[in-house]
Amino acid sequence: MHEIIDGVYVEDAYVSGNVGCVVTTEGAVLIDAPMLPKDAWSWLKKIASLTQQGVTALINTDYHLEHVLGNCFFPPTVTIAHQAAWSEMLHYDESYLTRYLSHQRENKSLLSLDLSKARVVLPEITMTTDMTVYRGNRKLRLIFAGGHTPASIMVHLPEDRVLFTGNVVVNGEHPSLSDANSQKWLQTLEAIRTMGDVDRIVPGRGEVCDVSATELLTRYITLMRERVYEHYQMGLTRRETVDKVKMEDFYATPEDRRGEIERRIRASVERVYDEFKKSTQKRQRCPPPAQGEPQACPRDRT
């Protein structure tokens, strides 16, 4: 556990990614929850050493299981997330959790997860746009980011100049675009660079960094879009494009995580390919306007 500024802590030792704790005079505000029970118990012990008021709120930065499944291991408290996260989490039944673990079969840490002890805790408070949370002596701005997922939010401590980004920013790690809007993600990264009141970024994975880390992530997403678009324009199918577009050379990949990273890249390429296909289909449905008339195009309902 690292104290990055007075009363603001980050733990980066858990398999599911980074988690944060903001100590206030009313208790601890947590940002995401460890997914594995043993990590959750470890985190609870550390929090107990920081404050006697317990946990006063828990914020989920998106709906992915590595951020939300651990909610159930913490004492009942106010849970906050985006409305789209609430909607997605409604579908997290036992069969979904089982399928998730089967897809993570190469991750030995996740295979030890006992689903009999896990249940999905839905957010009690949801947001669709930015909101501010006040807890004791702390002000936390919850910023709707999108990009990584339709439910991605960031937690900004303006007085401390700290930004928790969830997986909107990952440092030294292949990002996952499987649920992404890649254009929106690039816009969000640019917005972070222009915020002006951020000295430290706590990414969803990787070491605490500054805003310069967003530039490398922007290059990664831009390069993937360029490579996918090149093959899409050549008329290749999605499967053919997935087989040809490689991103493994962008970051060093530990051998024991090679299978996991390769699946992540393939899912990301599929998503970006579908974005280009959807955009093309939308343009094809829009007939050119008559001379002197404005463009009229139905909403994209695919």
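Residues numbered from 1 in each chain as written. Predicted model: local features only at pLDDT ≥ 70, side-chain atom pairs only at ≥ 80, totals over all residues. Heavy atoms only, no water.

(A) Spotlight on the sheet that holds strand β1 (residues 2–5). The seven strands are arranged β1-β2-β3-β4-β5-β6-β7 in an open sheet whose pairing can be described as mixed. Either end of the sheet is taken by a strand with one partner, and the two such strands are β1 and β7 (125–127). Sheet twist, expressed as the mean angle between neighbouring strand axes with direction ignored, is 25°. Examined bridge by bridge, β1 and strand β2 (residues 8–11) share three bridges and lie antiparallel to one another. Note on β2: the bridge partner recorded for Glu3 is Tyr9. In this fold helix α1 (residues 37–48) packs onto β2, β3 (19–24), β4 (27–31) and β5 (55–59), with an angle of close to 25° to the strand it touches most, β3. (Pairing = 2+ DSSP bridges. Helix = DSSP H or I, 4+ residues; strand = E, 2+ residues; numbered from the N terminus. Axes fitted to C-alpha atoms, helices over the stretch in contact; angles between N-to-C directions. Contact = heavy atoms within 4.5 Å.)

(B) Representation of the pattern of salt bridges within the structure. In total, this model carries 14 salt bridges according to the counting rule given. Here Arg138 makes a salt bridge to Asp160, at a shortest N to O gap of 2.6 Å. Of this pair, Arg138 sits in strand β9 (residues 138–144) while Asp160 sits in the loop between β10 (153–157) and β11 (162–170), placing them 22 residues apart in sequence. Exposure class is identical for Arg138 and Asp160. Each is buried. Of the charged contacts in the structure, one is a salt bridge between Arg257 and Glu173, with a shortest N-O distance of 2.7 Å. Here the residue Arg257 occupies a position in the loop between α8 (238–244) and α9 (258–284), and Glu173 occupies one in the loop between β11 and α6 (182–193), the gap between them amounting to 84 residues. Owing to a relative accessible area of 11%, Glu173 belongs among the buried residues under this scheme. A single salt-bridge network, built from bridges that share partners, covers Glu173, Arg257, Glu260 and Arg264. (Salt bridge = Lys/Arg side-chain N within 4 Å of Asp/Glu carboxyl O. Buried < 20%, exposed > 50% of the residue type's maximum accessible area, 1.4 Å probe, protein only.)

(C) Representation of the nonpolar core in the model. With 33 residues, the main nonpolar core has Trp185, Ile192, Ile221, Met224 and Val228 as its most contacted residues. Secondary structure elements with two or more residues in this core: β11, α6, α7 (213–233) and α9. No other element matches the seven residues that α7 contributes to this core. Not counting residues up to four positions away in its chain, the partners in contact with Ile221 are Leu177, Ser182, Trp185, Leu186 and Leu189. Among the nonpolar cores identified, the runner-up in size contains 30 residues, and Ala40, Leu65, Leu69 and Ala118 belong to it. (Core = buried A, V, L, I, M, F, W, Y, C linked by side-chain atoms within 4.5 Å.)

(D) Structural detail: α1. Compared with the 16 Å implied by 1.5 Å per residue over twelve residues, the 17 Å span of α1 between its first and last C-alpha is a close match. Within α1, the full set of buried residues consists of Pro37, Asp39, Ala40, Trp43 and Ile47. The arc that holds the buried residues of α1, viewed along the axis, is 155°, so those residues lie on one side. Opposite the buried face of α1, at more than 90 degrees from it, the exposed residues are Lys38, Lys45 and Ala48. On its buried face, α1 is in contact with β2, β3, β4 and β5. (Expected span 1.5 Å × (residues − 1). Arc of directions from axis to C-beta.)

(E) Inspection of α7 at higher detail. Taking 1.5 Å as the rise per residue, α7 with 21 residues should run 30 Å; its terminal C-alpha atoms sit 31 Å apart, in good agreement. The complete set of buried residues in α7 reads Ala213, Thr214, Leu217, Thr218, Tyr220, Ile221, Met224, Arg225, Val228, His231 and Tyr232. Where α7 ends, the next residue or the one after it, Gly235, has phi of about 90°, a positive value.

(F) Quick peek at the pairing of β3. Taken across its six residues, β3 has six buried, putting it largely inside the fold. The alternating pattern of β3 places Val19, Cys21 and Val23 on one face and Gly20, Val22 and Thr24 on the opposite face, and all of these are buried. Where β2 lies against β3, four bridges are found, and the strand directions are antiparallel. Counted as the bridge partner of Val10 is Gly20 from β3. Taking the residues that link successive antiparallel strands as the turn, the β3-β4 hairpin has two residues.

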